[in-house]
Amino acid sequence: MGVFDKLKDVGEKVGDKMDDIITGKDEAEKAADKVEDAVEDGKEKISEAIKALDLDNLDMDGLQNLLKGKESDLDSVAADIGKKVLASDTSKGSFDLSSIKDLLSKANEIKEIISAISSKIGALKG
């Protein structure tokens, strides 16, 4: 490989890197990695929460009471979401979901726990 070939190769690599920077490819990949990490972290937290409930050691009444409590928690979070939506300026016909992102995440966690409890109840009935 001659000097001109090496310069051409370096020029192509620099050009490719510049294209990535201009198109935001690196930033998009970093953002995607952060989202993926957050999803995994959320899954781990939900698993830990379900394990902490120790569903195997509860009888049917205990499971049903726990289910009612979690459904009440979900209703409370839903009410908080509604309050934030109503408190915002929605006269323009739009709403910024980022303002309730934390509440939506909490609601999804509760729904996963409710699903696990319901599954356990179904297994005991089945």
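Remember, it's a predicted structure, so these values are computed and weren't measured experimentally.

## Overview of the packing of helix 3 (residues 60–87) against helix 4 (residues 101–125)
Okay, so step 1: Two elements in contact, helix 3 and helix 4, have axes whose closest approach is 9 Å; the angle formed by their N-to-C orientations is 160 degrees. By the angle class used here, helix 3 and helix 4 are roughly antiparallel. Every pair of crossing elements has a handedness; the one defined by helix 3 and helix 4 is left-handed.
Okay, so step 2: Classifying every residue of the contact of helix 3 with helix 4 by side-chain character gives 16 nonpolar, 2 polar and 10 charged.

## Side note on helix 3
Okay, so step 1: In this model, helix 3 (28 residues) spans 40 Å end to end at C-alpha, consistent with the 40 Å of a helix rising 1.5 Å per residue.
Okay, so step 2: Looking only at helix 3, the buried set comprises Leu63, Leu66, Leu67, Lys70, Val77 and Ile81.

## Describing helix 4
Okay, so step 1: Compared with an ideal rise of 1.5 Å per residue, which puts 25 residues at 36 Å, helix 4 spans 36 Å between its outermost C-alpha atoms and is within 8% of the ideal.
Okay, so step 2: Buried within helix 4 are the following residues: Leu103, Ala107, Ile110, Ile113, Ile114, Ala116, Ile117 and Ile121.

## A few points about the nonpolar core
Okay, so step 1: With 15 residues, the main nonpolar core has Leu55, Leu63, Leu67, Val77, Ile81, Ile117 and Ile121 as its most contacted residues.
Okay, so step 2: Among the elements that line this core, the one with the most residues is helix 4, at 8 residues.
Okay, so step 3: With residues up to four places along the chain from it excluded, the contact list for leucine 55 reads Ile50, Leu63, Leu66, Ala116, Ile117 and Lys120.

## So, the pattern of salt bridges
Okay, so step 1: Scanning all chains against the criterion turns up 2 salt bridges.
Okay, so step 2: Between aspartate 56 and lysine 120 there is a salt bridge, with its nearest N and O atoms 2.8 Å apart. Here the residue aspartate 56 occupies a position in the loop between helix 2 (25–53) and helix 3, and lysine 120 occupies one in helix 4, the gap between them amounting to 64 residues.
Okay, so step 3: According to the relative accessible area criterion, aspartate 56 is exposed, its value standing at 61%.
Okay, so step 4: For aspartate 73, the salt bridge goes to lysine 70, with nearest N and O atoms at 3.9 Å. Of this pair, aspartate 73 and lysine 70 both sit in helix 3, 3 residues apart, roughly one helical turn.
Okay, so step 5: Its relative accessible area of 34% is what places aspartate 73 among the partly exposed residues.
Okay, so step 6: Under the relative-accessibility criterion, lysine 70 is labelled buried at 19%.

## A word on a negative patch on the surface
Okay, so step 1: A cluster of acidic side chains, namely Glu29, Asp33, Glu36 and Asp37, defines a negative patch on the protein surface.
Okay, so step 2: Note that aspartate 37 resides in helix 2.
Okay, so step 3: Residue aspartate 37 is classed as exposed on the basis of its relative accessible area, which comes to 54%.

## Notes on the confidence of the model for the protein chain
Okay, so step 1: When pLDDT is averaged along the protein chain, the result is 82, and 83% of the positions lie at 70 or above.
Okay, so step 2: Looking at the elements of the protein chain, mean pLDDT is at its lowest for helix 1 (residues 3–23), recorded as 67, and at its highest for helix 3, recorded as 92.

## What to know about unusual backbone geometry
Okay, so step 1: A positive phi angle, close to 50 degrees, is found at aspartate 54, a residue other than glycine.
Okay, so step 2: Position of aspartate 54 relative to the elements: it lies in the loop between helix 2 and helix 3.
Okay, so step 3: Under the relative-accessibility criterion, aspartate 54 is labelled partly exposed at 37%.

Cut-offs and rules
- Residues numbered from 1 in each chain as written.
- Predicted model: local features only at pLDDT ≥ 70, side-chain atom pairs only at ≥ 80, totals over all residues.
- Heavy atoms only, no water.
- Axes fitted to C-alpha atoms, helices over the stretch in contact; angles between N-to-C directions.
- Helix = DSSP H or I, 4+ residues; strand = E, 2+ residues; numbered from the N terminus.
- Parallel < 35°, antiparallel > 145°, perpendicular 65-115°, else oblique.
- Left-handed = near helix turned anticlockwise from the far one by under 90°.
- Nonpolar A, V, L, I, M, F, W, Y, C, P; charged D, E, K, R; others polar.
- Expected span 1.5 Å × (residues − 1).
- Buried < 20%, exposed > 50% of the residue type's maximum accessible area, 1.4 Å probe, protein only.
- Core = buried A, V, L, I, M, F, W, Y, C linked by side-chain atoms within 4.5 Å.
- Contact = heavy atoms within 4.5 Å.
- Salt bridge = Lys/Arg side-chain N within 4 Å of Asp/Glu carboxyl O.
- Patch = residues over 30% accessible without salt bridge, like charges linked within 9 Å, V, L, I, M, F, W, Y side chains within 5 Å.
- Areas by Shrake-Rupley, 256 points an atom, 1.4 Å probe, with all protein chains shown as cover.
- Lys, Arg positive; Asp, Glu negative; His and termini not counted.
- Charge placed at Lys NZ, Arg CZ, Asp CG, Glu CD.
- pLDDT = per-residue confidence, 0-100.

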